[in-house]
Amino acid sequence: MKAIILKEEKLQLADIQQPQIKENEVLVQVKAISINPVDNFMVTNPESRERIMGVAPGEEIIVGWDISGIVTQVGRQVTDIKVGDAVFGMVNFPGHGKAYAEYVAAPAAHLALKPDNISHEEAAAATLAALTAWQALVTQAKVKKNEKVLIHVAAGGVGHYAVQLAKHFGAHVIATASAANREFVLGLGADEFIDYQTEKFEEKIKDADVVLDAVYGEEHLLRSLEVVKPGGRVISLLTFFDATPVAEKVKEKQLYAYRLLVASSGEDMKSLAALLENGSIRSYVTGTYSFERLPEAHEQIAGRRTRGKIVVTL
Ligand SMILES: NC(=O)c1ccc[n+]([C@@H]2O[C@H](COP(=O)([O-])OP(=O)(O)OC[C@H]3O[C@@H](n4cnc5c(N)ncnc54)[C@H](OP(=O)(O)O)[C@@H]3O)[C@@H](O)[C@H]2O)c1
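All values derive from a computational prediction rather than experimental measurement.

A. Focus on the sheet that holds strand β9 (residues 172-177). Pairing is parallel across the open sheet formed by 6 strands, whose spatial order is β10-β9-β8-β11-β12-β13. Strands with a single pairing partner mark the edges of an open sheet, and in this sheet they are β10 (192-195) and β13 (256-259). Neighbour to neighbour, the strand axes of the sheet diverge by 15° on average, direction disregarded. Pairing of strand β8 (residues 148-151) with strand β11 (residues 208-213) involves 3 bridges; the strand directions are parallel. The residue bridging Val 149 from the neighbouring strand is Val 210, located in β11.

This is the structure we're talking about:
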């Protein structure tokens with residue numbers, strides 16, 4: 001089968017053996033793959049591969065986690081998915097997802113059935129990024145009706161699902177992005193927009209119940225801690241809360257502070273599938289690449305200006 005392997009520190013098209021499935025897995029013929037910053041991070045940061053992918057030195061590496069496709073084989077223990085089903089999910093994250101391939105062996109417990117009314121591209125998009133938004137706002141922050149929720153990086157993959165999810169749960173959403181993404185972010189349902197390039201969000205917001213911070217660095221996280229009310233919740237996707245000024249502020253304001261690393265979950269995928277099916281949330285796919293052009297999709301994501309999601313089709 002065709003795959004894109006990471007060889008000599010480059011993404012390279014290769015012809016490799018189709019994977020064998022375990023009893024709890026299904027084999028998926030991939031129709032679409034979505035690309036995330038972490039995919040590119042794996043290419044550019046070899047020292048992080050063991051921590052995130054669990055790969056041993058010298059092991060063949062296939063990057064990627066996000067797939068949508070058709071099941072062609074089912075392991076003996078799998079009862080809820082059958083051959084011919086269309087499925088989508090984030091496979092083995094953290095771990096070695098091996099998604100940049102024509103066929104992927106995926107634990108059934110990491111997948112959900114793809115709603116018929118969305119395409120494989122839209123489904124592949126709604127995996128790592130959508131799960132991150134779900135696990136941040138629903139599992140961790142438990143966002144409730146009428147709460148004030150600040151979402152940073154609102155125009156990106158995670159942020160565009162986060163805005164829609166927070167609105168779905170009835171929150172008042174304040175979103176940050178650059179001016180070029182103003183209409184896009186307001187169109188997702190955000191109630192207020194802050195242009196982070198010309199405005200200081202900490203001068204415009206106070207007493208937020210929840211902040212989702214996806215900008216790297218302690219300085220940004222400290223500013224987020226300023227705007228959350230005492231006892232509020234702050235979920236960070238990049239910066240940890242253990243360094244001194246951050247940890248002190250968390251203690252002083254008695255915050256729920258959680259640094260999230262998204263994790264594969266078929267249960268969460270099923271919740272997202274239901275919302276995609278009934279139109280409560282949708283994927284904004286702003287770029288589609290052929291499998292052979294996947295390295296260009298990495299360049300696009302590395303530019304940190306992607307609106308919504310980009311996907312690769314097979
Ligand atoms: N811990 C985890 O489990 C986890 C999971 C997913 C993602 N992440 C991390 O979270 C970050 C966001 O992920 P993503 O998939 O959403 O990335 P993405 O899709 O590449 O985000 C691109 C967006 O970032 C916006 N942006 C860039 N700098 C910004 C800033 N200073 N303030 C506000 N917006 C800014 C851009 O909008 P403008 O052009 O308008 O600036 C662009 O739309 C990444 O660093 C990623 O590695 C972590």
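From this point, the narrative continues.
B. Representation of the side chain of Ser 48. Within the element layout of this structure, Ser 48 appears in the loop between α1 (37-44) and α2 (49-53). The exposure class of Ser 48 is buried, given its relative accessible area of 7%.

C. Region of the structure containing the pattern of salt bridges. For the coordinates displayed, the defined rule picks out 18 salt bridges. Across the pair Arg 76 and Glu 23 runs a salt bridge whose closest N-O atoms are separated by 3.4 Å. Of this pair, Arg 76 sits in the loop between β4 (66-74) and β5 (86-90) while Glu 23 sits in the loop between β2 (10-15) and β3 (25-34), placing them 53 residues apart in sequence. Residue Arg 76 is classed as exposed on the basis of its relative accessible area, which comes to 73%. Residue Lys 82 is joined to Asp 85 by a salt bridge in which the shortest nitrogen-to-oxygen separation is 3.0 Å. For Asp 85, a relative accessible area of 11% gives the class buried.

D. Geometry of the site of the ligand. Residues in close proximity to the ligand total 23 residues, the closest being Ser 178, Asn 181, Tyr 196, Leu 260 and Thr 306. The backbone of Val 158 places a nitrogen or oxygen atom 2.9 Å from an oxygen atom of the ligand. One of the backbone N or O atoms of Thr 306 is found 2.6 Å from an oxygen atom in the ligand. Burial of the ligand by the protein chains amounts to 89% of its free accessible area of 930 Å². Along the lines of polarity and charge, the residues of the shell around the ligand split into 14 nonpolar, 7 polar and 2 charged. Lining the shell around the ligand are residues from two domains, each supplying at least three of them: domain 1 (2-126 + 283-313) and domain 2 (129-259).

E. Looking closely at the packing of aromatic side chains. A full pass over the atoms with the stated rule returns 4 aromatic pairs. Consider the rings of Trp 65 and Phe 93, whose centres lie 4.9 Å apart with planes at 80°: the pair is edge-to-face. Of this pair, Trp 65 sits in the loop between α2 and β4 while Phe 93 sits in the loop between β5 and β6 (103-107), and the two are 28 residues apart along the sequence. In terms of burial, Trp 65 and Phe 93 fall into one category: buried.

F. Local environment of the domain arrangement of the protein. When cut into domains, the protein gives domain 1 (2-126 + 283-313) and domain 2 (129-259). Just the C-alpha atoms count here: the centres of domain 1 and domain 2 sit 28 Å apart. On the domain 2 side, the residues contacting the 12 residues of domain 1 number 15 residues. Buried surface at the junction of domain 1 and domain 2, both sides included, amounts to about 1000 Å², of which 52% is carbon and sulfur. By the criterion of area lost to domain 2, the three top residues of domain 1 are Tyr 284, Arg 305 and Arg 307, representing 48% of everything that side buries. Taken together, domain 1 and domain 2 are joined by 0 salt bridges. Counting across the domain 1 and domain 2 interface gives 9 residue pairs in polar contact (both at pLDDT 80 or more). In the side of domain 1 that touches domain 2, the residues fall into 4 nonpolar, 4 polar and 4 charged.

The rules behind the values
Residues numbered from 1 in each chain as written. Predicted model: local features only at pLDDT ≥ 70, side-chain atom pairs only at ≥ 80, totals over all residues. Heavy atoms only, no water. Pairing = 2+ DSSP bridges. Helix = DSSP H or I, 4+ residues; strand = E, 2+ residues; numbered from the N terminus. Axes fitted to C-alpha atoms, helices over the stretch in contact; angles between N-to-C directions. Buried < 20%, exposed > 50% of the residue type's maximum accessible area, 1.4 Å probe, protein only. Salt bridge = Lys/Arg side-chain N within 4 Å of Asp/Glu carboxyl O. Near = heavy atom within 4 Å. Polar contact = N/O pair within 3.5 Å; in protein donor to acceptor, adjacent residues only side chain to side chain. Areas by Shrake-Rupley, 256 points an atom, 1.4 Å probe, with all protein chains shown as cover. Nonpolar A, V, L, I, M, F, W, Y, C, P; charged D, E, K, R; others polar. Domains from an automatic or database assignment. Phe/Tyr/Trp six-rings, centres within 6.5 Å; stacked < 30°, edge-to-face > 60°. Contact = heavy atoms within 4.5 Å. Buried area = accessible area lost by both parts, 1.4 Å probe.

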